[in-house]
2 protein chains.
Amino acid sequence: MNQKKEYLDKCVEQAAEAYQFLKTTTVRDRAKFMHAVADRIEGIGAELIETANRETSLPFPRLEGEKARTIWQWRSYGNAISNGLYSEARIDLANPEKGKNDIRKYNLGIGPVVVFGASNFPFAFSTAGGDTASAIAAGCPVIVKGHSGHEQTSTLMAKAISEVVQEFGWPEGVFNHVLGSEVEGTKEKIGAYLVAQSGIKAVGFTGSYWGGKALFDIANQREEPIPVFAEMGSINPVFAFGHILEEKAEALAKEYASSLTLGVGQFCTNPGLFIAVKGEALERFKVSLQEAIAEINSANMLNQGIYSHYEKNKDLLSNQSDVAVLSESKSIAESGQGRPRVALTSAANFLTNEVLAEEVFGPFGLLIEADSIAEVEKIAQNLKGQLTITFAGTEKDAEENKTIFNIIKDKAGRLLFNGMPTGVEVVYAMQHGGPFPSSTDPRFTSVGPDSIKRFLRPLAFQNWPDQFLPAELKNGNPLAISRLVDGTSTKDSINPNQ
Amino acid sequence: MNQKKEYLDKCVEQAAEAYQFLKTTTVRDRAKFMHAVADRIEGIGAELIETANRETSLPFPRLEGEKARTIWQWRSYGNAISNGLYSEARIDLANPEKGKNDIRKYNLGIGPVVVFGASNFPFAFSTAGGDTASAIAAGCPVIVKGHSGHEQTSTLMAKAISEVVQEFGWPEGVFNHVLGSEVEGTKEKIGAYLVAQSGIKAVGFTGSYWGGKALFDIANQREEPIPVFAEMGSINPVFAFGHILEEKAEALAKEYASSLTLGVGQFCTNPGLFIAVKGEALERFKVSLQEAIAEINSANMLNQGIYSHYEKNKDLLSNQSDVAVLSESKSIAESGQGRPRVALTSAANFLTNEVLAEEVFGPFGLLIEADSIAEVEKIAQNLKGQLTITFAGTEKDAEENKTIFNIIKDKAGRLLFNGMPTGVEVVYAMQHGGPFPSSTDPRFTSVGPDSIKRFLRPLAFQNWPDQFLPAELKNGNPLAISRLVDGTSTKDSINPNQ
């Protein structure tokens, strides 16, 4: 299915109008709206989960969990703007004796945002997902390009948001939903077309490296470049050290196998790489991992395209020289099903063959056996940017491997001390976004209230009378938010004429 | 003078080493360093001002003021990091019952930064200027490409910083200074070479649109794209409305003439455009402006290149069709001196000739006479991004022209209600950076403590034992900074095991 250029242009035009409206709303107004969207999604009923299950093969419990998470995103982002954290109101009062002016600054929405739905999270990173919620929280209208893998699910979510827009009497362009592949009568992708429009001011994307990078390039070659927040590929290495392997090789193997195959391995934070130094403990780990992987069933992947890529890429890696298959699920996979597999190679081989560091989207892991901790260090040093890196170790391991700890600080957005990286909590402290190429901009997160920051820009007012200032900056502080007044954080109202 | 590739590579290598060191410093350590740099600059003595005066022709009082401002930048940015504002420490405590992990996040330096000195501020936007101070505050080593217009001044400043680096026992690569034009034996510009090096992680620039855009493109075409904060051109329009013109046409004309010619018009915030509706009041304004400009002396510009560009560009604009010279300084300019001039055109002409919206760097202004407020609105709507826009009006004017007020919010980083835009205060609420093409990234400011944000990236730690966390995130809060703990701002220490 394709889309008419006229419809796309209308969406961009409506978004521009809606942006003018959203500029007049306060964080409180938008928080109220966001809670209403949460309520509406909560109320959609069984149809939503059933449709998503049919379109994505994701099981019911996972979808129920993802729905709850999506609702929480709307609520918690709404709460976060409501307390003014992202308004970053700063007021420097006039001091005529020193020739100082009254200057006040706050953050407002950057403008209309195009959001791309992701294949692997039909709720939380798609039409009503985190990018949409954070952009609207910031005061930006959104045009969602729904993912082709779950268009009916997307449409249900889009309907819920649009109904709330209508209920609130807000302009239609606050939220628009676009489906399809190409602009009718052309070979141009809808997404590329939208990102190139001058009315669009930022982009949110979760998906492949090639998809994200293509949008990034389009955005930076515009007459007016705009930011692209693309959360792309990551192999989320797990570095396991001597003492922890000694202590719990078997438990670690089970934990790793379980994380690697969770959701048929279709998570951005799937731990695709496991690195450790050879030895008796690692042998125990390998045996347990072999057994654990063998027992995990093959399962339906999100769609045929993802399945085909998985088949192709896991074989591509497995067939590299000096790579052996360590273990594979005993269950025979039907077409469309991802069959878990772990391959094995040496650190020396990994360090000389770049193909081995490519992401395989699905339940595939590569176990790297190093001859020495120096080789492990070299692998850490050579890593490209990652969303997460896990340090599996005891405190003694951490004490003994401070150099590696220090290296991985430069290589990822989130560092775990044990545990597994799958499971990205929606909290203030979350960082979901790492150095390139795991994302296009490591300065921002796409999960948690801080994701709102991506869609803001500051605007300063010099010497404006109170009645023209936004509520965030008025003397009386009607929103009761924290503000930095002459460098001190306070919720007090101010009286600049005293 | 050119530079050896080996020297440039050594600077990048040293910066990488220094970055590893700076990662181990706390905001307190860096604040102490910054105050020491401020002290050192304060102590340089008469040689600094004399050298800068000889190299830039800027008068002594202006240079004294700029020196004080530069010192204040180091001090106030140091104070700002010291209180933890830019660490943005967030702690979400574990809740095992709910399956929640302990996640903590703070901002650290993004990595080595290349800073380009500006021609027009030999102190405040050059070697020891705001970009350098904010990058070091963030924890980033800096390589400064000194401006060719004031290399001796730059060298004095560089020496001061390097002496403090040595005094503190910090690695040499925390600060390096590079002079020259091309990489020896090649035609490649030193700046372009540095920005392309994989060890460089961000760029700060103040200068022309073409210079900034070229660096932006290099940075975005790297294998790993990096942010470029280029503060480029702006014509800083002043919109004057009926009631204020009625009230004080003559005073406004004097104020405008004075701002336009301040520092021989060589400010980024020089108000190059003045827009008002025709009428008796505007006639009075014109007469006064004519008189005021006539009486302002020509004066030496920063260098011969800037002078030649000024001569060429003011004539280019003045010679467009339907443009007339309204007034020119009576003083005859010698070669190298900028002679103030104001030209006059109609709104209709301005709206159809893009050349008239180009920046003329120097004491040149364009006065636009509109037939109606609708034309003024159209001009506002068609403006490209600006650093500042001034609304010259009474409160009644503001009441009557809310549409224009709303439009200009999208067009600039700082909106003034009366006054003139020259004079950019170093305060928290300052926004110096506007929509493209006035800067490459309107989400950040290059003046004020908030400029530090440009050089930070967040890093999250999941379930790490206290001893491995940075001071900003330790349970005991040893730096006594404000932190967001489970969503609430507090300076308290925490006891996660209770």
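For clarity, every value in this text was computed on a predicted model and none was experimentally measured.

Engineer: Could you give an account of the overall build of chain A, naming the residues involved and the relevant values?
Structural biologist: Along its length, chain A carries 15 helices and 19 strands. Computed over its C-alpha atoms, the radius of gyration of chain A comes to 25 Å, within 12% of the 23 Å expected for a compact globule of 498 residues. Along the longest, intermediate and shortest principal axes, the C-alpha atoms of chain A span 75 × 55 × 40 Å. Counting across all 498 residues of chain A, residues that qualify as buried make up 64%. If you take every contact in chain A between residues at least 6 apart in sequence, the share linking residues at least 24 apart comes to 75%. About 17,600 Å² of surface is accessible on chain A, with carbon and sulfur atoms providing 50% of the total. Placing the 49 positive and 60 negative side-chain charges of chain A at their respective mean positions leaves the two points 4 Å apart.

Engineer: Which residues make up the environment of Asn-107 of chain B, and what values do they have?
Structural biologist: All names here are of chain B. By the element assignment, Asn-107 lies in strand E2 (residues 103–109). Taking relative accessible area as the criterion, Asn-107 reaches 11% and is therefore assigned buried. Distance from Asn-107 to Lys-189, taken between C-alpha atoms, is 33 Å for residues 82 residues apart in sequence. A polar contact is formed between the side chain of Asn-107 and the backbone oxygen of Tyr-86, at a distance of 3.0 Å.

Engineer: If you had to explain the side chain of Asp-397 of chain A to someone new, which residues and values would you point to?
Structural biologist: Residue and element names in this part refer to chain A. Looking at the element boundaries, Asp-397 is found in helix H14 (residues 395–400). Buried charged residue Asp-397 carries no salt bridge. Nearest counter-charge: Lys-396, at 8.1 Å. Apart from the residues lying within four places of it in its own chain, the contact partners of Asp-397 are Phe-241, Gly-242, His-243, Ile-244 and Phe-391.

Engineer: Describe the interface of chain B and chain A, naming the residues involved and giving the relevant values.
Structural biologist: Counting residues at the interface gives 69 residues for chain B and 69 residues for chain A. In this assembly, chain B packs against chain A so that about 6,300 Å² is buried in total across both faces, 55% of it on carbon and sulfur atoms. Ranking the residues of chain B by area buried against chain A places Arg-443, Trp-464 and Phe-468 of chain B at the top, with a combined share of 12%. Our count for the contact surface shared by chain B and chain A stands at 10 salt bridges. A salt bridge links Lys-453 of chain A to Glu-88 of chain B; the shortest N-O distance between them is 2.9 Å. Counting across the chain B and chain A interface gives 42 residue pairs in polar contact (both at pLDDT 80 or more). Only helix H1 (5–23), strand E1 (90–92), E2, helix H8 (209–221), helix H14 (395–400), helix H15 (402–408), strand E16 (412–417) and strand E17 (456–462) of chain B provide two or more residues apiece to the side of chain B that touches chain A. The greatest single-element share of the side of chain B that touches chain A, amounting to seven residues, is contributed by E17 of chain B.

Engineer: Which residues make up the relation of the copies chain B and chain A, and what are the values?
Structural biologist: Between the two copies, chain B and chain A, the superposition gives an RMSD of 0.0 Å; the rotation angle is 180° and the shift along the axis is 0.0 Å. In symmetry terms, the pair is related by a two-fold rotation axis. When each C-alpha of chain B is compared by its distance to the rotation axis, Asn-220 of chain B comes out closest, at 3.7 Å.

Engineer: An account of the side chain of Asn-418 of chain B is requested, with residue identities and associated values reported.
Structural biologist: The residue Asn-418 of chain B is located in the loop between E16 and E17 in this model. There is a polar contact of 2.8 Å between the side chain of Asn-418 of chain B and the backbone oxygen of Gly-393 of chain B.

Engineer: Please provide a residue-by-residue account of the sheet that holds strand E7 (residues 228–231) of chain B, values included.
Structural biologist: All names here are of chain B. Pairing in this open sheet of five strands is parallel, and the strands run E5-E4-E3-E6-E7 from one edge to the other. Lying at the two open borders of the sheet, with one neighbouring strand each, are strand E5 (175–178) and E7. With direction set aside, neighbouring strand axes in the sheet form an average angle of 15°. Pairing of strand E3 (residues 113–116) with strand E4 (residues 142–145) involves four bridges; the strand directions are parallel. Among the inter-strand pairings, Val-114 is bridged to a residue of E4, identified as Ile-143. Of the strands in this sheet, E3, E4, E5 and strand E6 (202–206) touch helix H5 (residues 130–138), which is tilted by about 170° from E4.

Engineer: Explain the UniProt feature "domain: Aldehyde dehydrogenase" (unreviewed entry) in chain A to me, and be specific about the residues and the numbers.
Structural biologist: Under the present numbering, the feature "domain: Aldehyde dehydrogenase" (unreviewed entry) in UniProt falls on residues 4–441 of chain A. Counting secondary structure, residues 4–441 of chain A comes out at 45% helix and 17% strand; the distance between its end C-alpha atoms is 32 Å.

Engineer: So what about the packing of helix H2 (residues 27–42) of chain A against helix H6 (residues 151–167) of chain A? Which residues, and what values?
Structural biologist: Residue and element names in this part refer to chain A. For the pair H2 and H6, interaxial distance at closest approach is 9 Å and the crossing angle is 135°. Between H2 and H6, the crossing angle belongs to the class labelled oblique. When the axes of H2 and H6 are compared, the crossing they make is right-handed. From H2, Phe-33, Ala-36, Val-37, Arg-40 and Ile-41 reach across to H6, where they touch Met-157, Ala-160, Ile-161, Glu-163, Val-164, Val-165 and Glu-167. Of the residues in the contact of H2 with H6, the class split is nine nonpolar, no polar and three charged.

Engineer: Can you explain the pattern of salt bridges? Please cite residues and give values.
Structural biologist: Should their charged atoms come close, side chains of opposite charge can pair. All names here are of chain B. Overall, the coordinates contain 62 salt bridges over all chains when judged by the stated rule. Arg-75 serves as the salt-bridge partner of Glu-42, at 2.8 Å between the closest nitrogen and oxygen. Placement of Glu-42 in helix H2 (residues 27–42) and of Arg-75 in helix H4 (residues 60–82) is noted, with a sequence separation of 33 residues between them. Glu-66 is paired through a salt bridge with Arg-62; the nearest N and O atoms lie 2.8 Å apart.

Engineer: For the sheet that holds E17 of chain B, give the residues involved together with the corresponding values.
Structural biologist: The strand order across the open sheet built from 12 strands is E11(A)-E13(A)-E14(A)-E9(A)-E8(A)-E15(A)-E16(A)-E17(B)-E2(B)-E1(B)-E18(B)-E19(B), with neighbouring strands paired in mixed fashion. Unpaired on one side and paired on the other, strand E11 (324–328) of chain A together with strand E19 (488–490) of chain B mark the two borders of the sheet. The sheet shows a mean angle of 25° between the axes of neighbouring strands, direction not considered. Of the strand pairs in this sheet, strand E18 (residues 483–485) of chain B and E19 of chain B are connected by three bridges, and their pairing is antiparallel. Each residue of the ladder has a partner; that of Leu-484 of chain B, found in E19 of chain B, is Ser-489 of chain B.

Engineer: Which residues make up the state of the cysteines, and what values do they have?
Structural biologist: Residues and elements named next belong to chain A. Applying the stated criterion across every chain yields a total of zero disulfides over all chains. Among the cysteines around Cys-11, which has no disulfide bond, Cys-140 carries the closest sulfur, lying 16 Å off. Here Cys-11 falls in the buried class, since its relative accessible area comes to 0%.

Engineer: Kindly report on empty space enclosed by the protein, identifying the contributing residues and their values.
Structural biologist: One way to see where empty space is left: roll a probe the size of a water molecule over the atoms. All told, the structure shown has nine cavities of 30 Å³ or more when counted by the stated rule. Lining of the largest cavity is provided by 20 residues; of these, Phe-444 and Lys-453 of chain A together with Glu-88, Phe-444 and Lys-453 of chain B occupy positions nearest its centre. Counting residues per element, the ones that place at least two in the lining of the largest cavity are strand E17 (456–462) of chain A together with E2 and E17 of chain B. Surrounding the second largest cavity, 19 residues form its lining, Arg-30, Asn-107, Leu-108, Gly-109 and Ala-138 of chain A being those nearest its centre. When residues of the lining of the second largest cavity are traced back to their parent elements, those giving at least two are helix H1 (5–23), H2, strand E2 (103–109) and helix H5 (130–138) of chain A. Its residues assigned to classes, the lining of the second largest cavity comprises 11 nonpolar, five polar and three charged.

Engineer: Quick rundown of the nonpolar core? Include the residues and the values.
Structural biologist: One finds Trp-74 and Phe-239 of chain A together with Trp-74 and Phe-239 of chain B to be the most contacted residues of the largest nonpolar core, which totals 236 residues. Leave out the neighbours within four places in its chain, and Phe-239 of chain A touches Ile-275, Val-376, Ile-379, Ala-380, Leu-383, Ile-389, Thr-390, Phe-391, Ala-392 and Ile-408 of chain A.

Engineer: So what's going on with the environment of Gln-431 of chain B? Residues and values would help.
Structural biologist: Residues and elements named next belong to chain B. Within the fold, Gln-431 resides in the loop between E16 and E17. Take Gln-431: its relative accessible area is 1%, and that puts it in the buried class. One polar contact links the side chain of Gln-431 to the main-chain carbonyl oxygen of Phe-444, over a distance of 3.2 Å.

Conventions and cut-offs
- Residues numbered from 1 in each chain as written.
- Chains lettered and ligands numbered in written order.
- Predicted model: local features only at pLDDT ≥ 70, side-chain atom pairs only at ≥ 80, totals over all residues.
- Heavy atoms only, no water.
- Helix = DSSP H or I, 4+ residues; strand = E, 2+ residues; numbered from the N terminus.
- Rg over C-alpha atoms; globule rule 2.2 N^0.38 Å.
- Buried < 20%, exposed > 50% of the residue type's maximum accessible area, 1.4 Å probe, protein only.
- Contact = heavy atoms within 4.5 Å.
- Areas by Shrake-Rupley, 256 points an atom, 1.4 Å probe, with all protein chains shown as cover.
- Lys, Arg positive; Asp, Glu negative; His and termini not counted.
- Charge placed at Lys NZ, Arg CZ, Asp CG, Glu CD.
- Polar contact = N/O pair within 3.5 Å; in protein donor to acceptor, adjacent residues only side chain to side chain.
- Salt bridge = Lys/Arg side-chain N within 4 Å of Asp/Glu carboxyl O.
- Buried area = accessible area lost by both parts, 1.4 Å probe.
- Least-squares fit on C-alpha atoms with pLDDT ≥ 70 in both.
- Pairing = 2+ DSSP bridges.
- Axes fitted to C-alpha atoms, helices over the stretch in contact; angles between N-to-C directions.
- UniProt positions renumbered as here; feature names shortened; annotations may be inferred.
- Parallel < 35°, antiparallel > 145°, perpendicular 65-115°, else oblique.
- Left-handed = near helix turned anticlockwise from the far one by under 90°.
- Nonpolar A, V, L, I, M, F, W, Y, C, P; charged D, E, K, R; others polar.
- Disulfide = S-S within 2.5 Å.
- 1 Å grid on protein atoms, 1.4 Å probe; cavity = no way out; pocket = protein on both sides within 12 Å on 5 of 7 lines; lining within 4 Å.
- Points joined across faces, edges and corners; volume = space filled by probe spheres on them.
- Core = buried A, V, L, I, M, F, W, Y, C linked by side-chain atoms within 4.5 Å.

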